[in-house]
Amino acid sequence: MPRVLVTRRLPDGGADPLASIADLELVGPKSDDSPYSHDELVAMAPQCDAIVALLTDPIDATVIEAGSAGALRVVANVAVGYNNIDVTAAAAHGVVVCNTPGVLDETTADTAFLLILAAARLAHEAETDLRAGRWAGWGINQYLGIDVHGATLGIVGYGRIGRAVARRAAGFGMGVLHHARTPSGEPGFVADLDELLAEADIVTLHTPLSPQTTHLIDARRLALMKPTSVLVNTARGPVVDEAALAAALHAGTIFAAGLDVYEREPEVHPELLRAPRTVLLPHIGSGSTATRRRMAELATSAVATVLHGGTPPNLVHP
Ligand code: GLV
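Given the structure is predicted, the values throughout are model-derived calculations rather than measurements. (Residues numbered from 1 in each chain as written. Predicted model: local features only at pLDDT ≥ 70, side-chain atom pairs only at ≥ 80, totals over all residues. Heavy atoms only, no water.)

1. Quick look at the site of the ligand
Within the structure, the ligand sits among L55, A79, V80, G81, L104, R236, H283 and M295. Between an oxygen atom of the ligand and a side-chain N or O atom of R236, the distance comes to 2.6 Å. Look at the ligand: alone it shows 200 Å² of surface, and the protein chains cover 91% of it. For the shell around the ligand, the residue count by class is 5 nonpolar, 2 polar and 1 charged. (Near = heavy atom within 4 Å. Polar contact = N/O pair within 3.5 Å; in protein donor to acceptor, adjacent residues only side chain to side chain. Areas by Shrake-Rupley, 256 points an atom, 1.4 Å probe, with all protein chains shown as cover. Nonpolar A, V, L, I, M, F, W, Y, C, P; charged D, E, K, R; others polar.)

Structure representation (structure tokens):
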């Protein structure tokens, strides 16, 4: 009898594909929908054929090794990012890993644009003043941001989400530069990230998290950006050195920032919380009802495919 651990409550309909598995025994989520601890995951993994995990579940080498010594065959992450899973250990132990590419690109690009607009136009500071009763009426010198239309957007990481942001930028009449590890062969490609950072008015990050992209945006690179520039991160928190970013915002060496992701979620660096001209969202990048459901369906259908003996299209290769 196949057992599938679903670590957290999924959006309505998101687990429907599992219904195709005969005699399925569903394990989890906990009745209060609290996360499984690492120890609990290690203990449960060998008893399950599959784990449907969220990006907050640490599926590290210990969980994989324990699981593969028992029944575990597949881990499906309900996220496109999979830095919470040790994919190298999974490959070494014959455990298949899947993610949810494609279905969240447009929603995440919407969130990036929300942050671009909100940060550039100081929406957070203006709204905070209004709600606090500090707005005394229209003023010609109030809340002066930078224009998004006509600005040069620098996209770092030119995969599906980066390209979806580029499409939106075209509608705003922006010039678009992009940087990626491998040349895209498309107009606007900048091989040298430092050069892109120095030229862009607004920089938006869309790289996966890896050892190569950890602190990709550090103090040295922040110093290359224009004092009038805006940095937006909807990728993964550790791509940016948060302490260095907070220092740059406090010192005014960049103009503004919009963040959806953090180095140690759910903690937010205290200096970022205090930083001026900063919009902070709680990792809602893919957070529309329709997209979250599509992500859950894609992950659970990958589990169903593997348990039926097939190969899902959304495999992660280390
Ligand atoms: C969200 O952050 C995801 O990786 O899907």
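The discussion continues.
2. Here we look at the side chain of R277
Assignment of secondary structure puts R277 in the loop between α10 (270-274) and β11 (278-280). One buried charge, R277, has no salt-bridge partner; the nearest side chain with opposite charge is E125, at 5.7 Å. Non-local contacts of R277, meaning those with residues more than four positions away in its chain, are made with L122, E125, L249, G252, I254, F255, A256 and A257. (Helix = DSSP H or I, 4+ residues; strand = E, 2+ residues; numbered from the N terminus. Buried < 20%, exposed > 50% of the residue type's maximum accessible area, 1.4 Å probe, protein only. Lys, Arg positive; Asp, Glu negative; His and termini not counted. Salt bridge = Lys/Arg side-chain N within 4 Å of Asp/Glu carboxyl O. Contact = heavy atoms within 4.5 Å.)

3. A closer look at the domain arrangement of the protein chain
One widely used convention gives an interface's size as the accessible area the parts lose upon coming together. Partitioning the protein chain into structural domains gives domain 1 (3-103 + 289-307) and domain 2 (105-280). The centre of domain 1, based on its C-alpha atoms, is set 32 Å off from the matching centre of domain 2. Every contact between the two is made by 9 residues of domain 1 and, on the other side, 6 residues of domain 2. For the pair domain 1 and domain 2, the summed buried area comes to about 580 Å², and 45% of that belongs to carbon and sulfur atoms. For domain 1, the biggest contributors to the area lost against domain 2 are N83, G102 and T291; these three give 57% of the whole. Remark: the boundary between domain 1 and domain 2 carries 0 salt bridges. Inspection of the region where domain 1 meets domain 2 yields 2 residue pairs in polar contact (both at pLDDT 80 or more). (Domains from an automatic or database assignment. Buried area = accessible area lost by both parts, 1.4 Å probe.)

4. Focus: a nonpolar patch on the surface
A cluster of nonpolar side chains, contributed by L130, W135, W138 and I140, occupies part of the molecular surface with about 550 Å² of accessible area. Looking at the element boundaries, L130 is found in helix α5 (residues 123-131). With relative accessibility at 49%, the residue L130 sits in the partly exposed group. (Patch = residues over 30% accessible without salt bridge, like charges linked within 9 Å, V, L, I, M, F, W, Y side chains within 5 Å.)

5. Observations regarding the nonpolar core
Core analysis: the biggest nonpolar cluster contains 28 residues, and I116, L153, V165, M174, I202 and V230 have the highest contact counts within it. When residues of this core are traced back to their parent elements, those giving at least two are α4 (105-120), β6 (152-156), α6 (160-171) and β9 (230-233). Once you skip the residues sitting within four places of it in the chain, I116 turns out to touch V148, L153, V165, I202, T204 and V232. (Core = buried A, V, L, I, M, F, W, Y, C linked by side-chain atoms within 4.5 Å.)

6. Looking at the packing of aromatic side chains
Counting across every chain of the model gives 1 aromatic pair. Between F113 and F172, the ring centres sit 4.9 Å apart and the planes meet at 40°, which makes this aromatic pair tilted. Within this pair, whereas F113 is found in helix α4, its partner F172 is found in the loop between α6 and β7 (175-179), the two being separated by 59 residues in sequence. Exposure remark for F113: the relative accessible area of 5% places this residue in the buried category. You can call F172 partly exposed: its relative accessible area is 33%. Across the ring face of Y36, the terminal group of K30 is positioned such that the distance to the ring centre comes to 5.0 Å. (Phe/Tyr/Trp six-rings, centres within 6.5 Å; stacked < 30°, edge-to-face > 60°. Lys NZ or Arg CZ within 6 Å of the ring centre and 35° of its normal.)

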